[in-house]
Amino acid sequence: MKKLIVGNWKMNGSVELLNEFSQGRSRTEWAHAELVICPPSIMLPHAVSLERDFAVGAQDCSHANSGAFTGDISANMLADFGVKYVLTGHSERRRYQKETNDKCVSKVNVAQNSGLTPIFCIGETLADYQSNLTMDVLSNQLESLLVHNIDFENLVIAYEPIWAIGSGLVPSLNTISQTVDFIKDWIIRSKGRVHGDGMRLLYGGSVSSENSGAILSLPNVGGLLIGGASLKHPSFRLIASSAYRHLKSA
Ligand code: 13P
């Protein structure tokens, strides 16, 4: 299966940068990974309109389909404009917008009902990590997917340790591998082997063109969720190339 390489631009980027990404298309290595760019919402229609070899994802959607939710954008609207993916549960939204796990999962639900593929982000704080609570935190975050009866066939899960985001700190390959294996086992235990085997599990947090190849070579890592390094066309291209090299050597 092709690796899924997702760039989350957060509140960065510009129309000019989108155009640059579009002009850099058609490189051989890019064709061997599935690429997604998630620019700020105001740029989504422009991103979709470009001639490009990446899919377009949103960074958020409303938990509701329509109504009096000033400033929000519904998953239906995103789908109408040609958006294919949406991030939910990113730790920055959990932190700054006070989004509860339940709310994040209800966004997964509306996204799926609108035909989008949600990328559900989970991860532990540094304090949790240092107290060996990572698996407890992740189980708790995953548990609500069962309550909301989420379709695991159309779901991507991204493991992003909060302490690794934007910090330059990356868990050891062994830790990433064990944690992603834990998530996969949890899915198999809860939903059955088909779901667990077919789902893509991403790693995110200080991914760079230097470490992407090693992380992508871990057996259960199905792709990457990238912040800072997705804002420069050359580094994003190099990361995509490491997916290509992995596919060639697999
Ligand atoms: P960085 O790659 O900048 O650490 O950000 C990770 C992230 O939050 C992607 O969603």
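**Student:** Teacher, can you tell me more about the side chain of Thr117 here?
**Tutor:** Tracing the chain through its elements places Thr117 in strand β5 (residues 117-122). The exposure class of Thr117 is buried, given its relative accessible area of 18%. When near neighbours in sequence (up to four residues on either side) are disregarded, Thr117 contacts Lys84, Tyr85, Val86, Asn154 and Val156.

**Student:** Explain the side chain of Ser144 here, please?
**Tutor:** In this structure, Ser144 sits in helix α7 (residues 134-147). Taking relative accessible area as the criterion, Ser144 reaches 9% and is therefore assigned buried. Of the polar contacts made by the side chain of Ser144, one reaches the side chain of Asn101; its length is 2.5 Å. Ignoring sequence-local partners within four residues, the contact set of Ser144 consists of Asn101 and Val105.

**Student:** Got a minute to help me understand α7 in this structure?
**Tutor:** An α-helix turns once every 3.6 residues. As a result, residues three or four positions apart point the same way. For α7, built from 14 residues, the straight-helix expectation of 20 Å at 1.5 Å per residue is met to within 8% by its first-to-last C-alpha distance of 21 Å. All of the buried residues in α7 are Thr134, Val137, Leu138, Ser139, Gln141, Leu142, Ser144 and Leu145. Residues of α7 that are buried make contact with α4 (91-96), α5 (101-113), β5, α6 (126-130), β6 (156-159) and α8 (173-191). Within two residues after α7, Asn149 carries a phi angle of roughly 55 degrees, on the positive side.

**Student:** It is not clear to me how helix α1 (residues 15-23) should be interpreted in this structure. Could you clarify?
**Tutor:** The set of residues buried in α1 consists of Leu17, Leu18, Phe21 and Ser22. The buried residues of α1 occupy one face: seen down the axis, they fall within an arc of 140 degrees. Summarising the geometry of α1, the exposed residues directed more than 90 degrees from the buried face are Glu16 and Gln23.

**Student:** I'm lost on the pattern of salt bridges in this one. Help?
**Tutor:** Side-chain pairs of opposite charge can arise whenever the charged atoms involved come near each other. In total, this model carries 6 salt bridges according to the counting rule given. As a salt-bridge pair, Lys10 and Glu92 come within 2.8 Å of each other at their nearest N and O atoms. Of the two residues, Lys10 is situated in the loop between β1 (3-8) and α1 and Glu92 in helix α4; the sequence distance between them amounts to 82 residues. Asp60 serves as the salt-bridge partner of Arg93, at 3.2 Å between the closest nitrogen and oxygen. Taken together, the residues span a long stretch of sequence, with Arg93 in helix α4 and Asp60 in the loop between β3 (55-58) and α3 (75-80) at a distance of 33 residues. Arg93 sits in the partly exposed class, given a relative accessible area of 24%. Linked through salt bridges whose partners overlap, the residues forming this network are Asp60, Arg93, Glu99 and Lys107.

**Student:** Just checking my understanding: could you explain the site of the ligand for this structure?
**Tutor:** In the vicinity of the ligand lie 13 residues, with Lys10, His90, Glu160, Gly166 and Ser206 positioned nearest. With respect to the ligand, the side chain of Lys10 contributes an N or O atom lying 2.7 Å from an oxygen atom. Residue Ser206 places a main-chain N or O atom 2.8 Å away from an oxygen atom belonging to the ligand. Relative to its unbound accessible surface of 310 Å², the ligand loses 95% to contact with the protein. In terms of residue class, the shell around the ligand is made up of 4 nonpolar, 7 polar and 2 charged.

Rules used throughout
- Residues numbered from 1 in each chain as written.
- Predicted model: local features only at pLDDT ≥ 70, side-chain atom pairs only at ≥ 80, totals over all residues.
- Heavy atoms only, no water.
- Helix = DSSP H or I, 4+ residues; strand = E, 2+ residues; numbered from the N terminus.
- Buried < 20%, exposed > 50% of the residue type's maximum accessible area, 1.4 Å probe, protein only.
- Contact = heavy atoms within 4.5 Å.
- Polar contact = N/O pair within 3.5 Å; in protein donor to acceptor, adjacent residues only side chain to side chain.
- Expected span 1.5 Å × (residues − 1).
- Arc of directions from axis to C-beta.
- Salt bridge = Lys/Arg side-chain N within 4 Å of Asp/Glu carboxyl O.
- Near = heavy atom within 4 Å.
- Areas by Shrake-Rupley, 256 points an atom, 1.4 Å probe, with all protein chains shown as cover.
- Nonpolar A, V, L, I, M, F, W, Y, C, P; charged D, E, K, R; others polar.

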